Each structure stands twice: as structure tokens, then as C-alpha cells.
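What the coordinates show
Below are the chains, spelled out letter by letter.
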Amino acid sequence: MRRETRTPRPGWEQTVLRSGLPFHTETLPDGRRLPYWNESAAYVLTSREVDYLEDVTEELHAMCVTAARHVLEKGDVERLGIDSRWAAPMLETLENESPSIYGRFDFAWDGTGDAKLYEYNGDVPAALLEAAVLQWQWLEDVHPDRDQFNTIHERLVRTWQRLAPRLGGRVHFAHSADEPDEDIITTAYLRDTAVEAGLPTVGLTMEDIGWHSGIRRFVDLSDVPIDSCFKMYPWDWAFESVYAPQLEAEPRSTHWLEPMWKALLSTKAILAVLWELYPGHPNLLPSYLDGRRDLAEWVAKPLWGWEGASIKVRSAEHHFDQAGAFDDGPFLFQEFHRPPAFDGNHMVIGSWVVGGRSAGVGIRESNGIVTDRRSRFVPHLIDAPRSTAEQVARWLRNS
């Protein structure tokens, strides 16, 4: 694996804007422009590295499902930061194999040794459009003779098609009215993939969803029952919402995507459960919920935090508390593992799971060791020329 300098495409800002990414650049108060989409560089992976990431991703996903089942069967959800009232409804959605679409692992890995799992974003991960579409378009424009570890779009469409018989007459897609652009964009892109799969869809906000007490169903603004709904709205918020009693009493009245049990794969606490079930696993970092124990160097992560907010780092080289809204915790304590750095850029590999299968990667990098809201998305490619058969497959993919 290596990082190479690239010349951005002429007019790249308008190109990615047309593809649906308005926040490609941040303008600071002093006038400086910080790119979020950064095609002045590219990461180059080997085919062997891709095979390794695919295998690790699918193994860890299976381990996470096992860990979630273990917690629910024990009814041991409170130590994971979830009220015990949700144990039974979550187990019900898991046992009935409620439909699931996607998730994203975050790995530290530079192509050598073992990839280390930082966390699993199993509920509402963003940076999906960038990974599935934008970096593929970049590859088509810049390296049409090369491939990419990226079947995210195709797997999303096939997953919708596979799940269609279980999803009812239409699928609703909802995000909160006051959430950031990335949530709106992720929702819109997933809706596009469902439409491509042939599913009828309805768009709305979470605030538009109501409860019809007569039929005991969630409904939209037209009082149409919501059979299935992709919600860009985390379960820890839903558990505290005005509709918590209905969600608890009728956990399967609507197929929520992601399903309720995946709240367990969105809290950092699942990392401690994984370490308990698979101690010493080469892709896991020692992680605990009851303090740092014997960890000489550690990171404290809020169980429900995001974008690096409120993280505390203690290592021989670093000693700081990241600002954020989660300072009161609770926290997971994880062994400190420095992210790999290429030319001073600290990178994290986001490995996507779609329909339970490994689907591709997206790479983000930061100036510091914490991947925060100022991280940059950098495209990647595979360091091997495409065979004739692969070029035919690409032509079919794009036709």
C-alpha cells in the first residue's frame, strides 16, 4: 500500500458537485479552503491487500453478529449503554432476521501486519456516496485501465432486490429535518439505489412520521402505513424519542433499516464484548468498559460519540482530550494504536459491509491521529492492470 500524489481533474469541484457532494470544500473564516474531497492524492492497494481486507471484514462482521446475539440472549444490554427495556425487542428483530442493508468498519492498517479494528458503525454510517460513487467516477476519468475495491453500489442494488419481497409495498426514506448535509445525501443516495432496484419509494423527514393508534402502525403524512423505512436517525436517539413506547411494544410493525438490534453494533461498547469473546484476536484491540485496567497507553471513546468528539488519548507521545458533546461519557477504554501515516497524513480505512458481505473501501485521512470532522476522503485504486475479461465486465457495469 502506498500514497501517491495526483493532479486533480480540471473542474473537479463542479464534477463532484454534480454527483451530489456539495460539501467538497470547507471555507474557513480566514478565507482558507480545506478540501474534504481530496483527489490531489490516491492510495494504491495490491490485489493481495484487497483480498485480505475482504476476508477480515467478513470475519469481523460475523463476529459482531455473534457478539450482539450473545449480549441479547444474556439480556446484558445495560452495560453497553442501553436500557434493559430494549433487550427483548432487539432480540426479536435479530431472531426474525429483520432486513439489514449496510455498515462500515474503521480499520488501522498500512498493508503490513494485522489490520486493527477501531470501531464498527453498524447503524447510520455516512461517507457512503463518496466511497460508492465519487471515487469510482474518479477512477473512470483518471485510471480507466485499473480497478478499485468497490462493488458497493452494485451490492446495494442487489441487496434491495433480494429484500424486496419482505419490504412491503413501498420503502420510505427519512432523515431528521435539521441534520447536516451528509445525512440528507446518504439518505438520498440509498433511495436512488432502491429505485434502481425497482422498488417504489417515498421521501420524508423523521418529523413527518406519526403513530396511528387505531391500526397500531407508524404512518406517513398521508396516513399511509410505513411497511419499511430507511432512517438516517440513530437508534440511541430513537430510544429516547416520543415514540419509544410504540417502538418497544411493536418492534416489527415497521421494518426499520437498520433494524433495532444493530444499535448494539453502533455503540463502541460492542468492542469490549468482542474482546471478551475473542481475546487475543489479531484484528482486535484490548477494550474494556470498566476502566483502562492494565493498559499502559489507551484511548477513551464515548459509547455513542462520532467524528472523534470527546475522545481522550493517553500515550507516550500524546496526552489530550478532544472537545465534544460527550464529555460525560460513558466511555469505552481501548488500547492505543496509532493510525498509519503516509507523508504526515494519518489514514483510516472504512471497509463497507452491504447485505452482510464485504463490498469495498473508502479511505479518510487527517492531520492528527483522531479522524474528526476535518478529515479528508481520498480515492484509491488497485495496483494491477485490468485484464480483458475485467474490461468487458466494466463495460457491462457502465452500460
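Residues numbered from 1 in each chain as written. Predicted model: local features only at pLDDT ≥ 70, side-chain atom pairs only at ≥ 80, totals over all residues. Heavy atoms only, no water.

A word on the nonpolar core. Counting residues in each nonpolar core, the largest one holds 74 residues, and the members touching the most others are I82, M90, F107, I209 and I349. Among the elements that make up this core, the one with the highest residue count is helix α2 (residues 47–74) (ten residues). Once residues lying within four places of it in the same chain are set aside, the contact partners of I209 are A174, L204, F218, V219, I226, C229, Y243 and W256. If you look at the next biggest cluster of nonpolar residues, it comprises 42 residues, including L21, W37, L190 and A194. (Core = buried A, V, L, I, M, F, W, Y, C linked by side-chain atoms within 4.5 Å. Buried < 20%, exposed > 50% of the residue type's maximum accessible area, 1.4 Å probe, protein only. Helix = DSSP H or I, 4+ residues; strand = E, 2+ residues; numbered from the N terminus. Contact = heavy atoms within 4.5 Å.)

We now examine the packing of α2 against helix α3 (residues 87–95). As a packed pair, α2 and α3 sit with axes 9 Å apart at the nearest point and diverge in direction by 135°. What the angle tells us is that α2 and α3 run oblique. Where α2 crosses over α3, the handedness of that crossing is left-handed. For the pair formed by α2 and α3, the contact residues are A68, R69, L72 and E73 on the first element and A87, M90, L91, L94 and E95 on the second. (Axes fitted to C-alpha atoms, helices over the stretch in contact; angles between N-to-C directions. Parallel < 35°, antiparallel > 145°, perpendicular 65-115°, else oblique. Left-handed = near helix turned anticlockwise from the far one by under 90°.)

Here we take up the environment of A177. Relative to the elements of secondary structure, A177 occurs in the loop between β7 (171–175) and α6 (181–196). Through-space distance from the C-alpha of A177 to that of E95 is 32 Å; in sequence the pair is 82 residues apart. For A177, the residues in contact, after removing those within four places along its chain, are T205 and E207.

Moving on, we come to the side chain of H318. If you trace the backbone, H318 turns up in the loop between β15 (312–314) and β16 (319–321). Separated by 3.0 Å, the side chains of H318 and R338 make a polar contact. Dropping the residues within four chain positions of it, H318 is found in contact with V313, F336, R338 and I369. (Polar contact = N/O pair within 3.5 Å; in protein donor to acceptor, adjacent residues only side chain to side chain.)

Read from one edge to the other, the open sheet built from four strands follows the order β8-β7-β11-β12, with strand pairing classed as parallel. Single-partner strands in this sheet number two, and they are β8 (201–205) and β12 (255–257). With strand direction ignored, the average angle separating the axes of adjacent strands in the sheet is 25°. When β7 meets strand β11 (residues 228–232), the two strands line up parallel, connected through five bridges. By the bridge assignment, H172 is partnered in β11 with C229. On the sheet, α6 packs against β7, β8 and β11 and is oriented at approximately 170° with respect to β7. (Pairing = 2+ DSSP bridges.)

Under the defined criterion, the tally for this structure stands at 28 salt bridges. Two residues, R3 and D343, come together in a salt bridge whose shortest N-O distance is 4.0 Å. On the criterion of sequence distance, the pair formed by R3 in strand β1 (residues 2–5) and D343 in the loop between β18 (341–342) and β19 (345–354) is long-range, its members being 340 residues apart. For R3, a relative accessible area of 17% translates into the label buried. For D343, a relative accessible area of 64% puts it in the exposed group. Between E92 and R252 there is a salt bridge whose closest N-O contact spans 3.1 Å. Of this pair, E92 sits in helix α3 while R252 is found in the loop between α8 (244–249) and β12, placing the two residues 160 residues apart along the sequence. (Salt bridge = Lys/Arg side-chain N within 4 Å of Asp/Glu carboxyl O.)

For the peptide bond that leads from L257 to E258, omega is 10°, which places it in the cis range. Although it is not a glycine, S310 adopts a positive phi angle of roughly 65°. Among the secondary structure elements, S310 is positioned in the loop between β14 (298–302) and β15.

Here the focus is the packing of aromatic side chains. What the rule picks out here adds up to 19 aromatic pairs. Centroid distance F23 to Y36: 5.5 Å. Interplanar angle 40°. Geometry classified as tilted. Linking F23 in the loop between α1 (12–18) and β2 (25–27) with Y36 in the loop between β3 (33–35) and β4 (41–45), this pair joins segments that are 13 residues apart in sequence. Judged by its relative accessible area of 14%, Y36 falls in the buried class. Of the aromatic side chains, those joined through ring pairs into one cluster are Y102, W160, F173, F230 and W352. (Phe/Tyr/Trp six-rings, centres within 6.5 Å; stacked < 30°, edge-to-face > 60°.)

Taken by themselves, the reported measurements are silent on function.
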